[in-house]
Amino acid sequence: MMRSVRKIEEVLRGRIRGTLLVEEPLRNHTSFRVGGEADILFYPADSDDLVAALRTARDESLPVIVMGNGTNL
């Protein structure tokens, strides 16, 4: 059973330094201003931060989607 979003947020905040947004509307991050809500949206501080987040996602069996600049979704 997957953990709640708030529990995952707690785990991530203890391991990453970048910006972490919870229940964030994707319309704020896409070129056409459309999209549903992301459970968690993460902007890494640097490549090491990205690695830490991806390792955490793997360890917690979390799905990951790399969005890029929010175009061509």
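(A) Representation of the overall build of the protein chain in the model. Helix and strand content of the protein chain: 2 helices and 2 strands. Of the regular secondary structure in the protein chain, the N- to C-terminal order runs α-β-β-α. Over its C-alpha atoms the protein chain spans a radius of gyration of 12 Å, differing by no more than 12% from the 11 Å that the globule rule assigns to 73 residues. Each of the three principal axes of the protein chain carries a C-alpha extent, and together these read 35 × 30 × 15 Å. The buried share among the 73 residues of the protein chain stands at 30%. Both charge centroids of the protein chain, one from 10 positive and one from 11 negative side chains, sit 1 Å from each other.

(B) Representation of the side chain of Glu-9 in the model. Secondary-structure assignment places Glu-9 in helix α1 (residues 5-13). For Glu-9, a relative accessible area of 13% corresponds to the buried category. In contact with Glu-9, not counting residues within four places along its chain, are Leu-20, Val-22 and Ile-40.

(C) Inspection of the nonpolar core at higher detail. In this structure, Ile-8, Leu-12, Ile-16, Leu-20, Ala-53, Ala-57 and Leu-62 together form the largest nonpolar core, which totals 7 residues. When residues of this core are traced back to their parent elements, those giving at least two are α1 and α2 (47-59).

(D) Quick look at the confidence of the model for the protein chain. Here the protein chain averages 90 in pLDDT, and 96% of its residues register 70 or above. The element-level mean pLDDT for the protein chain is lowest in α1, coming to 91, with strand β1 (residues 19-25) highest at 96.

(E) Expanded view of a nonpolar patch on the surface. Together, Leu-50, Leu-54, Val-64 and Val-66 make up a nonpolar patch on the protein surface, roughly 370 Å² of accessible area in all. For Leu-50, the location among the structural elements is in helix α2. Overall, Leu-50 belongs to the partly exposed group, its relative accessible area being 38%.

Rules and cut-offs
Residues numbered from 1 in each chain as written. Predicted model: local features only at pLDDT ≥ 70, side-chain atom pairs only at ≥ 80, totals over all residues. Heavy atoms only, no water. Helix = DSSP H or I, 4+ residues; strand = E, 2+ residues; numbered from the N terminus. Rg over C-alpha atoms; globule rule 2.2 N^0.38 Å. Buried < 20%, exposed > 50% of the residue type's maximum accessible area, 1.4 Å probe, protein only. Lys, Arg positive; Asp, Glu negative; His and termini not counted. Charge placed at Lys NZ, Arg CZ, Asp CG, Glu CD. Contact = heavy atoms within 4.5 Å. Core = buried A, V, L, I, M, F, W, Y, C linked by side-chain atoms within 4.5 Å. pLDDT = per-residue confidence, 0-100. Patch = residues over 30% accessible without salt bridge, like charges linked within 9 Å, V, L, I, M, F, W, Y side chains within 5 Å. Areas by Shrake-Rupley, 256 points an atom, 1.4 Å probe, with all protein chains shown as cover. Salt bridge = Lys/Arg side-chain N within 4 Å of Asp/Glu carboxyl O.

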